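# Structure assessment
Take a look at the letters that make up each chain.
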Amino acid sequence: MPIAALVGTQWGDEGKGKITDVLAAKADVVARYQGGNNAGHTVVVENVKYKLHLIPSGILYSGTTCLIGNGVVVDPKVLVEEMRYLHEHGIDTGNLYISDKAHVIMPYHKVLDKLEEQARRLKIGTTGRGIGPAYVDKYMRAGIRIGDLINPTRFRSRLEDFLPLKNRILQEIYGHPGFEVEQIFQEYSGYAREFADRVADTSLLIDEARLAGKNVLCEGAQGTFLDIDHGTYPFVTSSNSSAGGIAAGLGIGPNHVSSIIGVVKAYSTRVGEGPFPTELSDAVGELIRERGQEYGTTTGRPRRCGWFDAVMVRYAARINGLTGLAVTLLDVLDAFQSIKVCVAYDYRGERLEHFPTDLEALQECRPIYVELPGWQTETSNAQSWADLPAKAQDFLSFIAKEVGCALQIISVGPRRDQTIVLSEVFGERD
Ligand code: GDP
Ligand code: IMO
Ligand code: MG
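Description of the structure in this document. Note that this is a predicted model, so its numbers are computed, not measured.

### A closer look at the nonpolar core
Judged by nonpolar contacts, the single largest core of 58 residues is most densely connected at Ile 59, Val 74, Leu 79, Ile 146, Phe 155, Ile 184 and Phe 195. Top contributing element to this core by residue count: helix H7 (residues 181–195), with six residues. When residues of this core are sorted by domain, at least three fall in each of domain 1 (3–95 + 201–421) and domain 2 (103–198). The residues contacting Ile 59, other than those within four sequence positions of it, are Leu 52, Cys 66, Leu 86, Ile 91, Asp 92, Thr 93 and Leu 96. Core analysis: the second largest hydrophobic core is formed by 54 residues, Ile 3, Ile 246, Val 264 and Phe 395 among them.

Below, the structure written as structure tokens:
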């Protein structure tokens with residue numbers, strides 16, 4: 001049976017949480033493969049809004065196994081808090097497993113994230129959750145993994161190895177008092193005890209599920225343009241959020257992933273710094289923000305808003321090998337008399353069809369728009385393609401053609417029942 005994946009095709013917040021939750025109804029396993037609690041995935045069930053940062057959005061179904069893969073960076077404090085938050089809402093986390101190979105976000109990573117951002121001349125606008133510094137230590141081979149954290153002898157020894165250098169950096173460069181081994185050891189061992197029985201070889205769990213014919217869904221965090229390699233570097237996150245990160249971040253063969261669905265807003269948003277060719281700094285952008293409630297799930301920052309950029313999503317289709325599109329927030333565009341879609345860029349008088357790899361060139365690109373008539377009809381009750389106004393169908397068909405990828409799912413509201421599935425991702429669950 002298939003392993004399917006959902007990836008963000010823009011700058012994050014495309015509605016991956018909502019679409020994951022919808023598909024999780026038929027998934028036996030939902031797995032996160034990268035990022036950490038910089039993610040904010042919103043799922044609305046029976047008018048309750050759940051905000052998940054670390055635990056996969058499949059957790060709201062009792063029969064779905066949820067995995068935090070080795071490619072994720074885990075803040076143990078956040079994990080414990082998120083498990084408690086779910087328990088308070090009557091949601092069981094007995095089906096949650098965490099990879100022993102996942103790296104731990106330590107308190108010094110969070111402090112360093114903020115201090116480094118302050119010191120930076122060119123701000124990135126990070127979420128301040130310690131994501132970048134934790135991945136730096138992973139690649140420096142100075143990381144503490146979940147498997148170390150739950151083993152007191154190893155945890156203490158790793159802390160004794162790594163903390164002196166961190167303290168020197170904190171004290172000598174930033175004038176921060178630094179941390180004590182004993183204090184971190186006690187606090188973090190306390191968190192570890194709360195989920196030690198959930199730590200597993202998640203790669204093996206996925207493979208067993210696959211061999212047993214189960215449906216596995218990989219839930220991306222962030223988006224293609226925040227990818228460390230393929231995004232708008234340096235205004236990116238510190239992991240491979242595009243489909244390339246799935247195999248390494250879960251310990252599965254890339255050939256087992258048979259469908260990769262690109263989640264895409266019917267317009268564009270970005271939170272944090274960096275270039276944004278179709279950004280609207282006017283009343284139209286403001287209207288998109290208000291209708292779409294475009295405020296960050298993690299930091300509450302207002303999101304920058306703009307028109308749909310087919311050049312970007314075309315690139316995302318290539319980088320991820322997209323097999324289908326899940327277009328979200330279509331209803332936000334219900335109010336507009338006309339809707340623009342960027343189909344190419346003007347770069348110094350030259351027409352570019354492909355997203356430039358050079359950031360300075362991107363900064364000079366001006367969008368070339370095609371203007372489509374708005375439908376000015378409410379779509380949020382549409383249950384099928386036929387229920388959509390003809391002009392909304394035309395808009396969707398136009399963006400699919402421009403991107404070069406088939407439409408698979410259309411979302412017309414935050415709730416589960418506000419979803420039109422044009423072709424199924426999974427068969428029925430066993
Ligand atoms: P994610 O990070 O990709 O999971 O996306 P976020 O949860 O950060 O942001 C998406 C926001 O849009 C959330 O508040 C969702 O509840 C909401 N949402 C998702 N799909 C739709 C939709 O089709 N229409 C509307 N109006 N809201 C949606
Ligand atoms: P979801 O999964 C939107 C952005 C931050 C910043 C940059 C680097 O909800 O789509 P980081 O803290 O990762 O080092 O910040 O990346 N960013 C996101 N923007 N959605 C997210 O996740 C994001 N995760 C990180 O705003 O610009
Ligand atoms: Mg989000």
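### Comments concerning the pattern of salt bridges
Taken as a whole, this structure holds 25 salt bridges when the rule is applied. For Arg 120, the salt bridge is made with Glu 117, and the minimal N-O distance between the two is 2.5 Å. Looking at Glu 117, the relative accessible area reads 13%, which means it is buried. Asp 197 is the salt-bridge partner of Arg 198, the closest N and O atoms lying 3.8 Å from each other.

### As for the side chain of Asp 309
Here Asp 309 lies in strand E14 (residues 308–309). Buried charge without a salt bridge: Asp 309, with Arg 314 as the nearest opposite-charge side chain at an N-O distance of 7.2 Å. There is a polar contact of 3.2 Å between the side chain of Asp 309 and the backbone nitrogen of Met 312. With residues near it in sequence (within four places) discarded, Asp 309 still touches Ser 268, Pro 277, Thr 278, Cys 342 and Tyr 345.

### Let's talk about the site of ligand 1
The environment of ligand 1 is formed by 17 residues, the closest being Lys 16, Gly 17, Thr 42, Asp 331 and Ser 411. In this structure, Glu 14 approaches ligand 1 through a main-chain N or O atom, which is 3.0 Å from an oxygen atom. In the environment of ligand 1, an oxygen atom lies 2.7 Å from a nitrogen or oxygen atom belonging to the side chain of Thr 42. In isolation ligand 1 offers 580 Å² of accessible surface; the protein chains occlude 93% of this area. Put simply, the parts of the chain that give the shell around ligand 1 at least two residues each are helix H1 (16–24) and strand E3 (41–45). The element best represented in the shell around ligand 1 is H1, accounting for three residues. Looking at the shell around ligand 1, its residues break down into three nonpolar, eight polar and six charged.

The rules behind these values
- Residues numbered from 1 in each chain as written.
- Chains lettered and ligands numbered in written order.
- Predicted model: local features only at pLDDT ≥ 70, side-chain atom pairs only at ≥ 80, totals over all residues.
- Heavy atoms only, no water.
- Core = buried A, V, L, I, M, F, W, Y, C linked by side-chain atoms within 4.5 Å.
- Buried < 20%, exposed > 50% of the residue type's maximum accessible area, 1.4 Å probe, protein only.
- Helix = DSSP H or I, 4+ residues; strand = E, 2+ residues; numbered from the N terminus.
- Domains from an automatic or database assignment.
- Contact = heavy atoms within 4.5 Å.
- Salt bridge = Lys/Arg side-chain N within 4 Å of Asp/Glu carboxyl O.
- Lys, Arg positive; Asp, Glu negative; His and termini not counted.
- Polar contact = N/O pair within 3.5 Å; in protein donor to acceptor, adjacent residues only side chain to side chain.
- Near = heavy atom within 4 Å.
- Areas by Shrake-Rupley, 256 points an atom, 1.4 Å probe, with all protein chains shown as cover.
- Nonpolar A, V, L, I, M, F, W, Y, C, P; charged D, E, K, R; others polar.

Spatial relationships are all this shows, so hold off on functional conclusions.
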